[in-house]
Structure formats: structure tokens, C-alpha cells
Amino acid sequence: MDSEQTTHAFLALKDSADGLIKRRNQRLLINNKKEQRNFTRAEASAYLAINSKTLDKYVSKTNIDPRRHDDAVWSVNLEEIYLIRDQLPEELRKEAKFVRSEHQKVQVIVIQNQKGGVGKTVSAATIASGIATEFPQEYRVGLIDMDGQSTLSMYYATEAIQQGCLSVGDLMMENFELDEGETLQSAISDAFLPTTIPNLRILPASQYDRALEGWFHEQVFNKALSSPYTLLDNIIQAVESEFDIIIVDTPPSLGYSTYNAYYAASSVIFPLSVTQNDIDATCSYFSYIPKIWSLLLNEGHSGYDFMKILLTNHRDSATTTELMNQLTQYFEQRIYSKEFKHSEAIRQSSALLSTVFDMSKSEYPKAKSSFQNAQQNAFEVTSQIMRDIHFVWSQQQRENQ
């Protein structure tokens, strides 16, 4: 092909990709938005841990009509579940709503591995949605998509760029202007978009954020940045009072975006798929990590609260068991005991731009047992992360008494 033909070929690739994504979104989304997770009467009772009679009593207090739907089937969405829970007296709530004290710092957890294909994005989305939905304390959760591929953003902010919303790259490169009377803090806050989960917001990435690395190199070369690793931390500091936990998804590379995520983080989780190639690549990465930390330390990072390895896509087999034995021998204190198991339900949910916490069992289109098992497994994984977070918060409280 000559240069003109090559140009046409690339434009054709773009048009085909745009058409495929548009068709996918039209099929899965309503008005460019996902539907909220819905609950049957039995699911709502189980979720709130109250009996059906009590549920009916507090549904009526919210003026929600659960049979308003065309087929008159009893159904409420997740937002309505939260409204119902707000009506419950303290003795009927499973747990009181969490209020973070001034001594308990916002937990910023970066999900990172330089090796691609280990489940970073699915892990970030599942952990964030699990913390937001499966714990009655209603933790305020933020998601930040630092990957220019913007896969995480497809889960919760599919049309963000078309709607003129700011991306994390826009904020870092200051690629925006404040409206009259608008403050920088309010602009950053507004960039964290609401999702289908009431207490989960996302700061999306866009395809244009792929230019972020080049921008960093240009700024550093021109000595225009006094500290190239702290831009994301500055963004988080502007909104830290609005969140309890922030999960940061990162690209499978070690550039300025990843260094910014590392610097902003209070803890690190390394997803790792249990295959020999992934283990070898991750061990090679771990051998280099002290050099990463040396740079962060020189920038004034105070250290991480915890660093853990989270095994992903785990399949029961003799080979996996042998690899697990080797990993445990060398990383025993760092590996979470519960791993994300290989699951068709996880794969199917992702294809629907969802996690297993974004939909109810009754909405899942395939085998319900597979979905229930995946949801239980994801809850176990998320719970162990919450135990680490609770330990950190308890320690911070004790140190300031």
C-alpha cells in the first residue's frame, strides 16, 4: 500500500471500531446508561436482612411502588434499596452507615502489575463495586481509571467523553477552563461521575489520555514540572473528604501515569494470574520494584499501609496447585488467602459492562448457580481487602487517642 492507501486503511479501522462499539452500546445500554441492579422481593429481603413483612412496611414509607413496572412484577433498584435502608431504625440495620473520623485517612489502593492480562481492570471494578454494594456501612468509593485504553471507564462512564466530561488526563494536563464562579476543587469533584451504584463514583479515562505519557516527557524535558509524580495525588487531595476508599486502575506499563498512581496510593495490590509465564514476568517486575520505591521515597512518599498479591483467574488443577505451592513458599505473607476463581459468570458479566455486583442473580442470563458462586467468591476476596483497610483505620485511631 502507498501512503494514501495506508491512510484510508487506518481511517477504515477507526470507523469499524467506532461502529462496533456504538452497536454494542445500543444493544446493552438505555440512553447510553446501564440499568441499575434490580432486586426481587426475596432478594431485597435477603440483601437488607429483614423479613418480607418488615420490607413492605419500609417500602411504603419511601413511597416507592415496587409493582409500577409494565409486568407488575415486584422489583426495586439499587438506589431504592438504599432509600429503604435509610428508613430502617438502627436496630434493624445490619451495620450503621460509616463515618470516617478525622484520624482515619482515605484509603487509596492502586491495582498494579506491569504484566498485562492478569486481571487488573476486572479486579479493580469488582473490588470497588463489591465494597460499595456488599457492605451495609455504605462506604463512599471512588474509582480512577489511569489506563488510556479506558476499559474500566466502559463499565461506568461509557459516554463520558462524548458528553464533555473531564478525564483524569484532562485534570492532570490542566486541559480545561473553569467556568465563571467555578473553583478547581469543584471542577475536580464534578469530574468524579456518578454510577449505577449510589455510593460509587468514577474519574474516567479517555482515548485521548494516551497522549498523557508524551505530555509528561515534554513537560519534564522543558523543566515545566517541579514534581512529575504528584499530580494524581493533588487531584485526590482535592476530593479526599468525599471518599472513604479510592481504587486506582493502572496501565500495564511503567510510565509517569503508573508512578503517579504509586505515589498517590496508601496501599498496593498486585493481581497475578497463576500461570508460569505470569509468575516469571511478575517476579522480574518485583526484582525491579526497589528502584521504583527509591524514586517515590525521594519524592517524599511515607510508605504503604499494606502490599498484597491477589491471585486471579484461578483454575483448580495439579499444575495450578504446584505453582501455588511455589508462590506460597516465597510470598506466603504477601498473598491473599482467597483468590478470584476462573468463572464464566465473571466473563459474561464483563461482556455486559458489569461486575457480579452490578446485577442480581435473577437478571443474569445464564446458569444462576455459576453467577451465585462467582458473587460469593468475589465477596470473599473483597472482604479480606476490607479487613486490611479496617486494620489500618483502627491503627490510625489508636495512634491518635
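Refer to the preceding data block for the structure.
Here is what the cut-offs are and how they apply
- Residues numbered from 1 in each chain as written.
- Predicted model: local features only at pLDDT ≥ 70, side-chain atom pairs only at ≥ 80, totals over all residues.
- Heavy atoms only, no water.
- Phe/Tyr/Trp six-rings, centres within 6.5 Å; stacked < 30°, edge-to-face > 60°.
- Buried < 20%, exposed > 50% of the residue type's maximum accessible area, 1.4 Å probe, protein only.
- Helix = DSSP H or I, 4+ residues; strand = E, 2+ residues; numbered from the N terminus.
- Lys, Arg positive; Asp, Glu negative; His and termini not counted.
- Salt bridge = Lys/Arg side-chain N within 4 Å of Asp/Glu carboxyl O.
- Contact = heavy atoms within 4.5 Å.
- Core = buried A, V, L, I, M, F, W, Y, C linked by side-chain atoms within 4.5 Å.
- Pairing = 2+ DSSP bridges.
- Axes fitted to C-alpha atoms, helices over the stretch in contact; angles between N-to-C directions.
- Polar contact = N/O pair within 3.5 Å; in protein donor to acceptor, adjacent residues only side chain to side chain.

Would you mind going over the packing of aromatic side chains with me for this structure?
Each aromatic ring pair is specified by the distance between its two centres and by the angle formed by the two planes. The full count for this structure, using the stated rule, is 17 aromatic pairs. An angle of 35° between the planes, with centres 6.2 Å apart, marks the rings of Y155 and Y156 as tilted. Just as Y155 is buried, Y156 falls in that class too. Note on F286 and F331: the rings are 5.9 Å apart at their centroids and 70° apart in plane angle, and the pair reads as edge-to-face.

When you look at the side chain of D249 in this model, what are you seeing that I'm missing?
Its location among the elements puts D249 in strand β7 (residues 245–249). This buried residue, D249, is left without a salt bridge; K120 holds the nearest opposite charge, at 6.2 Å. Excluding residues within four positions of it along the chain, D249 makes contact with I111, K120, T121, A124, I144, D145, M146, D147 and L152.

Quick question: what am I supposed to make of unusual backbone geometry here?
Note on backbone geometry: most residues besides glycine have negative phi, and most peptide bonds are trans. The phi angle at A49 is positive, at roughly 60°, despite the residue not being glycine. The topology assignment puts A49 in the loop between α2 (41–48) and α3 (52–61). A relative accessible area of 47% places A49 in the partly exposed class. The phi torsion at E174 lies on the positive side, around 55°, for a residue other than glycine. Summarising the element assignment, E174 is placed in the loop between α7 (168–173) and α8 (184–191). On the basis of relative accessible area, E174 is assigned to the exposed category, the value being 63%.

Can you walk me through the nonpolar core in this structure?
Across soluble globular proteins, nonpolar side chains have a tendency to be buried as a group. Ranked by internal contacts, the top residues of the largest apolar core, which has 60 residues, are Y139 and I247. If one sorts the elements of this core by residue count, helix α15 (residues 368–399) sits on top with 9 residues. Residues within four places of I247 in sequence aside, it is in contact with I109, I111, A124, I127, A128, G142, L143 and I144. In this structure, F192, L203, Y256 and L323 belong to the second largest nonpolar core, which totals 52 residues.

Explanation requested: the sheet that holds β7 in the structure shown.
Think of a sheet as strands paired side by side through backbone hydrogen bonds, with each pair either parallel or antiparallel. Spatially, β5-β6-β4-β7-β3-β8-β9 is the arrangement adopted by the 7 strands of the open sheet, whose pairing is mixed. Two strands in the sheet have a free side with no partner beyond their single neighbour: β5 (193–194) and β9 (307–312). Packing of helix α5 (residues 120–134) onto the sheet brings it into contact with β3 (107–111), β4 (141–145), β6 (200–203), β7, β8 (267–273) and β9, and relative to β7 it is tilted by some 165°. Relative to β3, α15 is tilted by about 140°, and along the sheet it contacts β3, β7, β8 and β9.

What is the right way to look at the pairing of β3 in this model?
Each regular strand shows side chains that alternate between the opposite faces of the sheet. The element β3 is largely enclosed, with a buried count of 5 among its 5 residues. Covered by surrounding structure in β3 are Q107, I109 and I111 together with V108 and V110, the residues of both alternating faces. The sheet contact formed by β3 and β7 spans 5 bridges and is parallel. Bridging from a neighbouring strand, V108 pairs with I246 of β7. Here 3 bridges tie β3 to β8, and the two strands are oriented parallel to one another. In the strand pairing of β8, V110 is matched with V268.

How should I be thinking about helix α4 (residues 78–87) in this particular structure?
Side chains of residues three or four places apart in an α-helix project in the same direction, reflecting 3.6 residues per turn. Along α4, the positions that sit buried rather than exposed are L78, E80, I81, Y82, I84 and R85. Of the surrounding secondary structure, the elements contacted by the buried residues of α4 are β1 (38–39), α2, α3, β2 (76–77) and α5. At the N-terminal end of α4, a side-chain oxygen is found 3.2 Å from the backbone nitrogen of E79, two or three residues along, and the residue is N77.

So what exactly am I meant to see when it comes to the pairing of β7 here?
In terms of burial, β7 is a largely internal element, 5 of the 5 residues being buried. Of the two faces of β7, the one holding I245, I247 and D249 and the one holding I246 and V248 are both buried throughout. In terms of strand pairing, β4 meets β7 through 5 bridges, oriented parallel. The residue of β7 that forms the bridge with I144 is V248.

Everything listed is a geometric property; what it means functionally is a separate question.
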